[in-house]
Amino acid sequence: MERKSFADMNCSVAQCLEVVGEWWTMLILRDAFLGVSRFDDFQRRLGISRNVLTQRLTGLVEAGVLARTAYREHPPRYDYRLADKGRDLWPVLSAMRQWGDRYAAPAGPPVNVRHRGCGEVFHTVPTCSQCGEQVGPGDVRAVVGPGGSADLLPARSAQA
């Protein structure tokens, strides 16, 4: 099945999916957040074919999500580290992990993430960047942004 491109869609969610929407990509990023940086380590941990891993890593480097740096010349070997654009995916990956822990891990979370500061298990909680209150889907409304137009919102939202 050929994957549809979202490159021409004026939607930030679609543009994010254009970069990280393929299933192996988020697992590569999960491992990168855990400190994995070498091709062979990604390949061994994920059980992904070498050609698919090469394609995904190349795409993430081209998108600026990972940075590739040589650590050996002969034969050529590279580290793949999170760039700023990749580190900004942390809340997305955390939310996905929490969803999986809640709905797809009947024996409990396979991995807990602890906050280094206090030692407690960390949970992503969406909060307002202005007032600090917790925010759920019923606490927000969509409005047209500077790069959008009214036709991007459903008629009901546009009237609110």
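Preceding this section is the structure that the text describes.
Nothing here was measured: the structure is a model prediction, and the numbers come from that model.

Procedures and definitions
- Residues numbered from 1 in each chain as written.
- Predicted model: local features only at pLDDT ≥ 70, side-chain atom pairs only at ≥ 80, totals over all residues.
- Heavy atoms only, no water.
- Salt bridge = Lys/Arg side-chain N within 4 Å of Asp/Glu carboxyl O.
- Helix = DSSP H or I, 4+ residues; strand = E, 2+ residues; numbered from the N terminus.
- Axes fitted to C-alpha atoms, helices over the stretch in contact; angles between N-to-C directions.
- Parallel < 35°, antiparallel > 145°, perpendicular 65-115°, else oblique.
- Left-handed = near helix turned anticlockwise from the far one by under 90°.
- Contact = heavy atoms within 4.5 Å.
- Nonpolar A, V, L, I, M, F, W, Y, C, P; charged D, E, K, R; others polar.
- Buried < 20%, exposed > 50% of the residue type's maximum accessible area, 1.4 Å probe, protein only.
- Pairing = 2+ DSSP bridges.

K.L.:
Can you help me understand the pattern of salt bridges in this one?
P.N.:
Where side chains of opposite charge bring their charged atoms close, a pairing between them can arise. Here the structure, examined in full by the defined rule, presents nine salt bridges. Across the salt bridge formed by Arg97 and Asp101, the nearest N and O atoms sit 3.5 Å from each other. Here Arg97 pairs with Asp101, and both are found in helix α6 (residues 90-103), just four residues apart, close to one helical turn. Several salt bridges share partner residues, and in doing so they unite Arg30, Asp31 and Arg45 into one network.

K.L.:
Would you mind showing me how to read the packing of helix α3 (residues 39-46) against helix α4 (residues 50-62) here?
P.N.:
Packed helix pairs are specified by the crossing angle of their axes together with the interaxial distance, meaning the distance between the axes. The geometry of α3 relative to α4 is characterised by a closest axis approach of 10 Å and an angle of 120° between their N-to-C directions. In terms of their interaxial angle, α3 and α4 are classed as oblique. Considering how the two elements wind past one another, α3 and α4 form a crossing that is right-handed. Each of Phe39, Asp40, Phe42 and Gln43 in α3 lies in contact with α4, whose residues at this interface are Arg50, Leu53, Thr54 and Leu57. Across the contact of α3 with α4, the residue classes tally to four nonpolar, two polar and two charged.

K.L.:
I'm lost on the environment of Gln130 in this one. Help?
P.N.:
Here Gln130 is to be found in the loop between α6 and α7 (155-159). By relative accessible area, Gln130 is classed as exposed at 73%. As for Gln130 and Arg81, which are separated by 49 residues in sequence, their C-alpha atoms are 31 Å apart.

K.L.:
Before we go on, may I ask you to explain the pairing of strand β1 (residues 66-72) in this structure?
P.N.:
Summarising the sheet, β1 and strand β2 (residues 77-82) pair through six bridges and their orientation is antiparallel. Looking at the pairing, Arg68 lines up with Tyr80 of β2.

K.L.:
Explanation requested: the environment of Gly64 in the structure shown.
P.N.:
With respect to the secondary-structure elements, Gly64 resides in the loop between α4 and β1. The class for Gly64 is partly exposed, based on a relative accessible area of 28%. Counting along the chain gives 18 residues from Gly64 to Leu46, while the straight-line C-alpha distance between them is 22 Å.

K.L.:
Explanation requested: the side chain of Ser94 in the structure shown.
P.N.:
Turning to its location among the elements, Ser94 is positioned in helix α6. Since its relative accessible area comes to 1%, Ser94 is described here as buried.

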